[in-house]
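So you can see what is in the structure, the chains are spelled out below.
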Amino acid sequence: MKGLFGIGSRGNGASSTPSPAAPPVRKDPQTPQITPLEKRLQDMGSIRGDGSDKFFGMENYGNTCYCNSILQCLYYSVPFREAVINYPRRTPLESLEAALAKNLRFPNPNAHLEAEAQAAKQKAQAATSPSARQAGVTPNQPQKPEDKESPEYKKKVALQTLPILETRNNASSYGMSESLFTSLKDIFESLVGSQSRIGVIRPQQFLDVLRREHEMFRTAMHQDAHEFLNLLLNEVVSNVEAEATKHNFVEKALPPSESVDSLSTMTPSSGSKSPNTTRWVHELFEGTLTSETKCLTCEKVSQRDEVFLDLSVDLEQHSSVTSCLRKFSAEEMLCERNKFHCDNCGGLQEAEKRMKIKRLPRVLALHLKRFKYTEDLQRLQKLFHRVVYPYHLRLFNTTDDAEDPDRLYELYAVVVHIGGGPYHGHYVAIIKTEDRGWLLFDDELVEPVDKNYVRNFFGDRPGLACAYVLFYQETTLEAVLREQAQEDQATSTVPAENGEAGRTNGYPLSPGLSHVHSASQVPSDDPNRVNGIHRIPTAPQMSTHPEAPEAEASAPQPVQPPQPPLPTIPDEQHPPLSPKKSDVQSRKERSKEEKERKAIEKEKEKADKERERAEKLRRKEADLQQARQQMNERREAEDFRRAVKASEAEMAKNNDGSELGPENGSPRKLGFLRRGSRSLSQRLSKDKEPRVSTSDLPPIPSPVPEAPQLEEPVLSPLPQKETPSLPNPKLVSRNSPPVAKDSKPEKTGRWRSLSLKKS
Amino acid sequence: MFVLPPPPPRYTIPVAYQAGAANGMAVPVVETNNTITHPEGGCPLQVGEALFLVPTVDSNVLIRDCAAGTYTLKDDLLLATPPPHPSEAPIVNPNPLATVPSPPTSGVKLCLVSLDPRKKPPTFLKTAVVAPQFGDGNPALAPPAPPAKEKDAQKRRKPKNNIIKSSSSFVSRVITHETSTKRLNDRDQNGVFAFANINRAFQWLDLSSASKEEHLTKVLFTKAHMLCHDINDMTKTSSHLDIVMGSSAGDIIWYEPMSQKYARINKNGVINNSPVTHIKWLPGSENLFLASHANGVLVVYDKEKEDALFTPEAPAHPEKDHSRLPLEILKSVNSRNQKSNPISLWKLANQKISHFSFSPDQRHLAVVLEDGSLRLMDYLKEEVLDIFRSYYGGLICVCWSPDGKYIVTGGQDDLLTIWSFPERKIVARCQGHNSWVSAVAFDPWRCDQKTYRFGSVGDDCRLLLWDFSVGMLHRPRAVRSHLDVRSLGSITNKLEQHHQNSTRQQHRSSIVGPGSLSTHRNRADSGGTRFRSDSDRTEKFVDGDFDPVENHPVEPRSRTALLPPIMSKVVGEDPICWLGFQNDCIMTSSLEGHIRTWDRPSDSVVHK
């Protein structure tokens, strides 16, 4: 029994001590440590050319975690990464290396040792005056400052010990002018070309471009990761298309086939069959939604297609992503203030509206609308609803004529928001890599995690961490089965070794988990690694901890943060309880229980009263909520009405003007160029307008090919104002969207999002 | 209006939710007593006098739902969540990204037991079950002591250790009710006992008692949580109940509540150290039970055998490529070495086995896994017959129709799926849950040879009731003009499948009783495309190079019938995780410990 208890208590510490042999090893600073990530990256073979074996953290420049998490998610989307690398052409590896030789800095090998020395000193200090140790280092930190489990500490260590990769503007070598796309490409290419598998990349240049072009990102404030994703994809689209336009002008004289050739060097794996190679973002992320509106007066069904780059779904407590998507497509009555303007009967009529997915995207980005505007608080509030998401998904809400309506998706990345509200907090990404399982990307820190870890962010667990954006990518059942078979094989060897290592009395750890527990180990220099001469002068400022933004703010950040003391104290082992003790304890406990029970009888009465009170409170709250909802509905109805009016006005204007596209479209295009990304999504959705059932034009099956020829003559005098890739210049819309997104109090309303908001 | 009580205390307090809530309620106190509430006319389940349109071959026929009426909520018993053991101080990790795995938990599950023969569900099997015992023919498993044959209740063997006086570190303590002996003596011998797990506690309740919220006995374990439990139907008497329970530690407890004796099996996970996800006595066996472990292993244990360190035994047929088989037999029931546990040990996959269920004819086993597969086994022969797949996501629960013809699964695709066992195919998908489906059960009192009633509960806090009849199921939702060739596989495959289908069908028809045999034959033959096969075909599959297991593809939505629920109701504020039908009520239990009981409509009579 004693032995049992020993095992049991070891189990308590098992999270930090992978094996009994580990602690003494860690005490020796000279022994090179292997990080959990390095452990998982063992036997990777030689460096690959496709970038799939690069696992870099990203430096946080103060609240730039929104950017880091999204960039990581995009990097590990294989088709997206390949498209970015290969468009317009791939930079030859040699020139990359030449560029990178300057950019990849290795830290001083002694930094690590110095840190150790400092830690030892600190430890000595601590031994003499424990209180001094407590007071010594950032007292406002909720965790013990030397807690090597803390992400802050691990990030510091990562920054100090891992190779640092600087990105550099290389736009000219792509034949493009510097833009958000080229800086993204810089990051991706640097990663691909890096000789190190792990490290920390500094997206400084990317952020510079972002901040230069978008005012809202200039502050060091917390930003919305989904908004950023949307902006980034839109920007990439517009950058690429703008460059292609320019390119076309430059090479106008050349035979068209050649220019196509130069473009078609792009990604073979994206499976793109489209002749227009600038559309690769569309081909990956874009899907088509059809909104079917059935007028209840004349029974006429009108359809309108719009494209989306991601879907934003409303959340309900205790629901699933599947259900949220189904609700998204649920029938909706347009009545009362929210009537539908029917062209057939002329006038506002009651109608039924449904949104269905007509074309399924290859990468489905799902935005869970965790931030909801609350009328009474006049601000956005975070919803902590429990919303479960499966590892695989199919869409129920497809139209009958959708191609491949049973397409299987697999979850490959989750962006998690940690924090109590929308205005502060932290983002991390959990990503399934191609062959190294799931990894947690927390700014500078990259850690392997178990597959089950992905399920910790349904929203019901303590810690304020909830999934915010889910990335599903298309897959096949065969691929899934193959992967499952591999999982079987990969872990089949583990149980044996696990079995002899002993187990806990309480919770045995599933065999697949064992590697996670080495998380406590301190990353260190790999002796085989080439050590550069450069040294990081100081650790950069740490990101604000999500849990304590106020605390962080009040604590003056030292210019030179104290060297993180490397704790040498092994994790506290829970002393094994002797059986005797446990007996005594249980006896004591028993008598205590008796006392407690009596006390509880008394308390019960109190509790009952309490409950009554709580009940009242709850009822009041429910009433409030109802009122709130009504307000919301009214507001939305108002918005709708406004939108309808606007659309009518627009329609009238359009009808006045020429039916020819260019004239009609160009002012808007001008506006779009001036307004940056704002109305890009609008333009994108207009691309598909011709599919409107009431349109005079026949639907254009393949929108792209004829575009250049059609537009070129018109274009030449107005080169700056046109985007020739516009498939159809005719932008007349009879059924303009009834939803006025801009006026909505949605946070995403700051610019028009391609994602579809259900109002 | 029925008002649900405030969220019950848990010690996994949903801090996130509290912080997020505008006016967070007071920090809940940890209660240690069960409470019961009798909501006034609350939460009725209305099963409409629905008429439903049943398309048959010639015309649509209206069928009146015979089981209409209103189920009324009788009471809501809230089990007290025990405070953590002192030795297990809750480790507060301020880092929400901590990669430390959390211990497996499950919500409250119930085992109901009654000696009243009237409470027995009706049986639909035409003939008595004549399935051989598991391990029949293995002399090593033959009962060694003939005196055990005596059916005298007094002679039932009990576990060795007294749980009250136990000094084990596994069991923390046992709290017996002051008047439990008196209560046991005075009670109606035909009343219903319930056993329920919550957190580290395991409670014994008398549901027929006036004070049913007061437990008879509460066993508190130190660290491990009991995740599942089962009562042996064969050995139950008024003075003896054999209960096995599986824990999050992998350990299994054999517990006899009347004498407060217990034994620990798979101690410290010596045989398998992965959590026990589901446990069931083998039908018709007094000693053997089957446990599924989270690492994809199915183990048959004997309650009276000692543990022994398990080493996989050499396969009986080394010539076969065992890595390819869907079932890796690491120890066969036919093994000569049966002195100690396990009796048999099969590895299905490296994925968690969520649930399993024995067929009413006691020959077959349906197992559902986290990888989304439903595996049908002939467990007596230790072979897998079919592998079906969920629409997507893992499967969570499974059950058989009382006549053994249908299997219903629920999973992470928010769907319930009906599979036909004799026809080896998907029959319909049932859409109605808003989240994952956690439990499903047939209502045998509302089933007959033509119509079936089953219920399901899920993480969406809902209870749904479903009806289906044989006629309405064989219609796809929409017939496509063009066939999706890709999803169907090649034509040859399809034909091969048909061939196999009909072979199996004949093979299986014996188990569903003579009455149903003709129906299936007829349906199969009317299909026109099906081949008749000679009987030696089956042989060929068994020893030929064919994989005898059929891996069924996922049927596209357009070719599968979609069934709506007849009733859907939010019954609580926390995920519901168990559902049971009794002759007079429906019961559910939830993650946080609410056990709700609905009386059946009094006016409705079982229509036969």
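Thresholds, definitions, all that
Residues numbered from 1 in each chain as written. Chains lettered and ligands numbered in written order. Predicted model: local features only at pLDDT ≥ 70, side-chain atom pairs only at ≥ 80, totals over all residues. Pairing = 2+ DSSP bridges. Helix = DSSP H or I, 4+ residues; strand = E, 2+ residues; numbered from the N terminus. Axes fitted to C-alpha atoms, helices over the stretch in contact; angles between N-to-C directions. UniProt positions renumbered as here; feature names shortened; annotations may be inferred. Buried ≥ 20, exposed ≤ 12 C-beta atoms within 10 Å, placed from the backbone. Contact = placed C-beta atoms within 7 Å. Parallel < 35°, antiparallel > 145°, perpendicular 65-115°, else oblique. Nonpolar A, V, L, I, M, F, W, Y, C, P; charged D, E, K, R; others polar. pLDDT = per-residue confidence, 0-100. Core = buried A, V, L, I, M, F, W, Y, C linked by C-beta atoms within 7 Å.

This part takes up the sheet that holds strand β29 (residues 437-442) of chain B. All names here are of chain B. Taken in spatial order, the four strands of this open sheet run β29-β30-β31-β34, and their pairing is antiparallel. Looking at strand neighbours, the two that pair on one side only are β29 and β34 (567-570), the edges of this open sheet. When strand polarity is set aside, the average angle formed by the axes of neighbouring strands in this sheet is 15 degrees. Here β29 pairs with strand β30 (residues 451-458) via five bridges, running antiparallel. Bridge pairing links Ala-441 to Gly-455 in β30.

Before going further, it helps to examine the sheet that holds strand β19 (residues 328-331) of chain B. All names here are of chain B. Spatially, the five strands line up as an open sheet ordered β16-β17-β18-β20-β19, and their pairing is antiparallel. Of all the strands in the sheet, just β16 (276-281) and β19 have a single pairing partner and so form its edges. Across the sheet, the axes of successive neighbouring strands diverge by a mean angle of 20 degrees, strand direction being ignored. Sheet topology places β19 next to strand β20 (residues 344-347); three bridges connect them, and they run antiparallel. For Ile-329, the partnering residue across the bridge sits in β20 and is Trp-346.

Let us now look at the UniProt feature "repeat: WD" (unreviewed entry) in chain B. UniProt's entry tags residues 388-429 of chain B with the feature "repeat: WD" (unreviewed entry), counted in the numbering of this structure. Between the C-alpha atoms that bound residues 388-429 of chain B there is a distance of 13 Å. The span itself is 0% helix and 60% strand.

What follows is about the environment of Thr-597 of chain B. Residues and elements named next belong to chain B. Along the chain, the position of Thr-597 falls in strand β37 (residues 594-599). When the 20 C-beta atoms within 10 Å are taken as the criterion, Thr-597 is described as buried. Apart from the residues lying within four places of it in its own chain, the contact partners of Thr-597 are Lys-74, Asp-75, Cys-585 and Met-587.

Residue and element names in this part refer to chain A. Here helix α10 (residues 180-193) crosses helix α11 (residues 204-213) at 170 degrees, and the two axes come no closer than 9 Å. Judged on the interaxial angle alone, α11 and α10 are roughly antiparallel. Within the contact between the two elements, α10 uses Leu-180, Ser-183, Leu-184, Asp-186 and Ile-187 and α11 uses Gln-205, Phe-206, Val-209, Leu-210 and Glu-213. Of the residues in the contact of α10 with α11, the class split is six nonpolar, two polar and two charged.

Let us look at the confidence of the model for chain B. Interpretation of the predicted coordinates at a detailed level should be avoided for regions scoring low in pLDDT. All names here are of chain B. Per-residue confidence for chain B gives a mean pLDDT of 78; residues scoring 70 or more make up 73%. In this model residues 7-31 is a low-confidence stretch, pLDDT under 50, and it forms 47 contacts with partners more than four residues away in sequence or in other chains. Of the two predicted TM-score estimates for the complex, the pTM is 0.72 and the ipTM is 0.82.

Residues and elements named next belong to chain A. Among the secondary structure elements, Glu-434 is positioned in the loop between β19 (426-432) and β20 (438-442). Along the chain, Glu-434 and Arg-40 lie 394 residues apart, while their C-alpha atoms are 13 Å from each other. Non-local contacts of Glu-434, meaning those with residues more than four positions away in its chain, are made with Ser-52 and Val-78.

Right, let's talk about the packing of helix α5 (residues 78-86) of chain A against α10 of chain A for a bit. For any two helices packed against each other, one specifies the inter-axial angle together with the distance between the axes. Residue and element names in this part refer to chain A. Direction vectors running N to C along α5 and α10 enclose 105 degrees, while the axes themselves pass 9 Å from each other. The orientation of α5 with respect to α10, classified from their angle, is roughly perpendicular. Residues Arg-81, Val-84 and Ile-85 of α5 touch α10, and the partners they reach there are Leu-184, Lys-185, Phe-188, Glu-189 and Val-192. Classifying every residue of the contact of α5 with α10 gives five nonpolar, no polar and three charged.

All names here are of chain B. Residue Pro-342 is bonded to the preceding Asn-341 through a cis peptide linkage, with omega at -5 degrees. When you line up the elements, Pro-342 lands in the loop between β19 and β20. The backbone of Asn-199 sits at a positive phi, close to 55 degrees, despite the residue not being glycine. Tracing the sequence through the fold places Asn-199 in the loop between β9 (192-198) and β10 (201-206). Classification of Asn-199 by C-beta neighbours within 10 Å gives buried; the count is 22. Non-glycine residue Gln-260 carries a positive phi angle of around 55 degrees. For Gln-260, the position within the fold is in the loop between β14 (252-256) and β15 (261-265).

This next bit is on the environment of Leu-290 of chain B. Residue and element names in this part refer to chain B. Of note, Leu-290 is situated in strand β17 (residues 288-293). Overall, the presence of 26 C-beta atoms within 10 Å leaves Leu-290 in the buried class. Sequence-distant contacts of Leu-290, defined by excluding residues within four places in its chain, comprise Lys-280, Leu-282, Leu-298 and Val-300.

All right, on to the confidence of the model for chain A then. All names here are of chain A. Put simply, chain A has an average pLDDT of 66, and 50% of its residues get 70 or more. Taken as a whole, residues 126-145 scores under 50 in pLDDT and shows 17 contacts with residues more than four places along the chain or in a different chain. Below a pLDDT of 50 lies the segment residues 492-586, which in the model reaches 208 contacts outside its immediate sequence neighbourhood of four places, other chains included.

Turning next to helix α9 (residues 151-161) of chain A. Within an α-helix, residues lying three or four positions from one another point in the same direction, as the helix has 3.6 residues per turn. Counting buried positions along α9 of chain A gives eleven out of eleven residues, so the element sits mostly inside the fold. The set of residues buried in α9 of chain A consists of Pro-151, Glu-152, Tyr-153, Lys-154, Lys-155, Lys-156, Val-157, Ala-158, Leu-159, Gln-160 and Thr-161 of chain A.

Quick look at the nonpolar core now. All names here are of chain A. Core analysis: the biggest nonpolar cluster contains 246 residues, and Ile-70, Val-414, Val-416, Ile-430 and Leu-470 have the highest contact counts within it. When residues in this core are grouped by element, the largest group, ten residues, is from helix α12 (residues 225-250). Not counting the four nearest positions on each side in its chain, Val-414 is found in contact with Ala-429, Ile-430, Val-454, Phe-457, Ala-467 and Leu-470. Ranked by size, the runner-up nonpolar core spans five residues in total, among them Cys-295, Phe-340, Cys-342 and Ala-351.

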